[in-house]
Amino acid sequence: MLTHTRRTFLKQAAIGAAALAYPPSKVLGANDRVRVGMIGVGDRGNDLLDQVVKVPNVDLVAMADIYSRRRDQAKSKVPNIQTVDDYRRLLDMKELDGVIVASPLHIHTRHFLDTLAAGKDLYAEKTMTWSIPEADKCLAAAKSSDRVVQIGLQHESSGALVDTKQLIKDGAVGKVTHVESWMSRNTPHGKGQWVRPVPSDCTPQNVDWGAFLNGRPDRPFDGFKLINWRLFWEFSGGNCAENMVHQIAWIMSALDLPLPSGAYMSGGVFSEKDGREVPDTIAVTLDYPKDIVVTWQSMFSNRHYELGDRIFGSDGTIEHHLEQPIQYWPEKTNRSTGEALQGKTPNQNHMQNWVDCIRTRRTPKAPVDLGYASAIAVHMANLSYKKKQRVTLEEAKAYVPEY
Ligand SMILES: NC(=O)c1ccc[n+]([C@@H]2O[C@H](COP(=O)([O-])OP(=O)(O)OC[C@H]3O[C@@H](n4cnc5c(N)ncnc54)[C@H](O)[C@@H]3O)[C@@H](O)[C@H]2O)c1
């Protein structure tokens, strides 16, 4: 058995060796321009591009995408941008301080690890990874590096989270045993949620199909899967990875929750019968060690209640609807003189927060630990759905996913 001192030494030596693999951080002055690159500039990437070019003192220098259409789109928006098809050429650019990754889920880990190894600060879209073993690798890499990692969980920069934390800290909510959350959409008859048309220039000549497959079994070019990767498990984590992750991360932050101890998910492909694999109708139950059960319910065939979270405590209830101030109501049973309140704290800009942290070297609003914890919740739920049984954290961690 190792003594404490020797164990500590070995741990530090391991961290030191890993840290040496990264070039030292540049110290940027308040007026120095931050130089940014992007990997994967599709739908979300274009939103993030629009956001980052608005942040003062930032230059968007380069972007990498395997599809020529995306490179041309980026050039039309940012005329001086350098465009490359292979992200490794972007990571070789010494002048870049930070990289934004908005590639499909099954490629996140590669882009995450290689960006850190190239010594760049990272803005990584959610869900952090496609699987739990990948999440373990990304967490370890981020922990052994001094790079700034912001996960694209932008609700962590919301005023609603600040107000919710404050009410909980003040004791206005009391003991919380249950949180319910939901997210619902609808589309016109005959049109599937998430389904995008395949552009006529989406051909093997204009796309690096092998780079998209990223180790998945080789097969002839399939433009539908490239554009609609969300519908298929080998590339996607379904709606838990697309949307539950935002709400679960927000709830876990608000209540300072540890990893879930168990997950159960039911549902199926009930409304979008278009050949997709991932379910459109979902009910997730997550058990947490602090005597809290969190539910998340979702569907694609009725949007009446849209999206929200309700935190139920012995002394009060908090209701949160996307991008709106929270509402608070006291529980008259325990707070007879309490008054209803509405949140006041404004939202902050999540992208600006990342850029600020590149300068200050502080920890951003959505750090890697939260990216990790929310990814674990997503993968536990999906594993339960596939196994059709409740899954514990230990079982989920021992599971080796296949595609
Ligand atoms: N934070 C949010 O609110 C939010 C919203 C939407 C999507 N997202 C996330 O953003 C990510 C991208 O989603 P999307 O809808 O933009 O997908 P998309 O398919 O529209 O865009 C992905 C882009 O990556 C490119 N690409 C594919 N393989 C690549 C590779 N090997 N190297 C470089 N580029 C590659 C594609 O050509 C495409 O342009 C997903 O993880 C998704 O969950 C986040």
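Just so we're clear, the structure is a prediction, and the values are computed from it rather than from any experiment.

A word on the sheet that holds strand β12 (residues 316-321)
Sheet strands pair by backbone hydrogen bonding; their relative direction is either parallel or antiparallel.
Step number 1: Read across the open sheet, the nine strands follow the order β14-β13-β12-β11-β7-β10-β9-β8-β15; overall the sheet is mixed. The sheet is open, and its two borders are formed by β14 (341-342) and β15 (391-392), each paired with just one other strand.
Step number 2: Across seven bridges, the pairing between strand β7 (residues 176-184) and strand β11 (residues 307-313) is antiparallel. In the strand pairing of β11, Glu180 is matched with Arg310.
Step number 3: Sitting on the sheet, helix α7 (residues 159-169) touches β11, β12, β13 (327-330) and β14, and the angle it makes with β12 is about 175°.
Step number 4: Helix α12 (residues 368-387) contacts β8 (262-268), β9 (281-288) and β15 of the sheet and is inclined by roughly 55° relative to β8.

A closer look at the site of the ligand
Step number 1: Close to the ligand lie 28 residues; Arg44, Asp65, Gln154, Arg196 and Arg230 are nearest.
Step number 2: Lys126 is positioned with one of its side-chain polar atoms (N or O) 3.0 Å from an oxygen atom of the ligand.
Step number 3: Between the ligand and the protein, one listed contact pairs a nitrogen atom with a backbone N or O atom of Ala211 at 3.2 Å.
Step number 4: When the free accessible area of the ligand is taken as 850 Å², the share hidden by the protein chains comes to 93%.
Step number 5: Mapped onto the shell around the ligand, the elements with two or more residues apiece are α2 (43-52), α5 (108-117), α8 (209-213) and α10 (238-255).

Overview of unusual backbone geometry
Step number 1: Along the chain, Lys126 connects to Thr127 via a cis peptide bond; the corresponding omega equals -15°.
Step number 2: Looking at where Thr127 falls in the secondary structure, it is placed in the loop between β5 (121-124) and α6 (132-143).
Step number 3: In this model, Arg361 sits at a positive phi of 65°, which is unusual for a non-glycine residue.
Step number 4: Relative to the helices and strands, Arg361 is located in the loop between α11 (350-360) and α12.
Step number 5: For Lys388, which is not glycine, the phi dihedral falls at a positive 60°.

A short note on the confidence of the model for the chain
Step number 1: Here the chain averages 93 in pLDDT, and 93% of its residues register 70 or above.
Step number 2: The model gives residues 1-20 a pLDDT under 50, and that stretch makes four contacts with residues more than four places away or in other chains.

Considering the packing of α5 against α6
How two helices sit against one another is set out by the angle between their axes and by the gap between those axes.
Step number 1: It is the contact of α5 with α6, at a shortest axis distance of 10 Å, that shows an interaxial angle of 15°. For the element pair α5 / α6, the angle class is roughly parallel. Pair α5 / α6 crosses with left-handed handedness. Note on element contacts: α6 touches α5 through Glu134, Lys137, Cys138, Ala141 and Ala142, opposite Thr109, Phe112, Leu113 and Leu116.

Cut-offs applied
Residues numbered from 1 in each chain as written. Predicted model: local features only at pLDDT ≥ 70, side-chain atom pairs only at ≥ 80, totals over all residues. Heavy atoms only, no water. Pairing = 2+ DSSP bridges. Helix = DSSP H or I, 4+ residues; strand = E, 2+ residues; numbered from the N terminus. Contact = heavy atoms within 4.5 Å. Axes fitted to C-alpha atoms, helices over the stretch in contact; angles between N-to-C directions. Near = heavy atom within 4 Å. Polar contact = N/O pair within 3.5 Å; in protein donor to acceptor, adjacent residues only side chain to side chain. Areas by Shrake-Rupley, 256 points an atom, 1.4 Å probe, with all protein chains shown as cover. pLDDT = per-residue confidence, 0-100. Parallel < 35°, antiparallel > 145°, perpendicular 65-115°, else oblique. Left-handed = near helix turned anticlockwise from the far one by under 90°.

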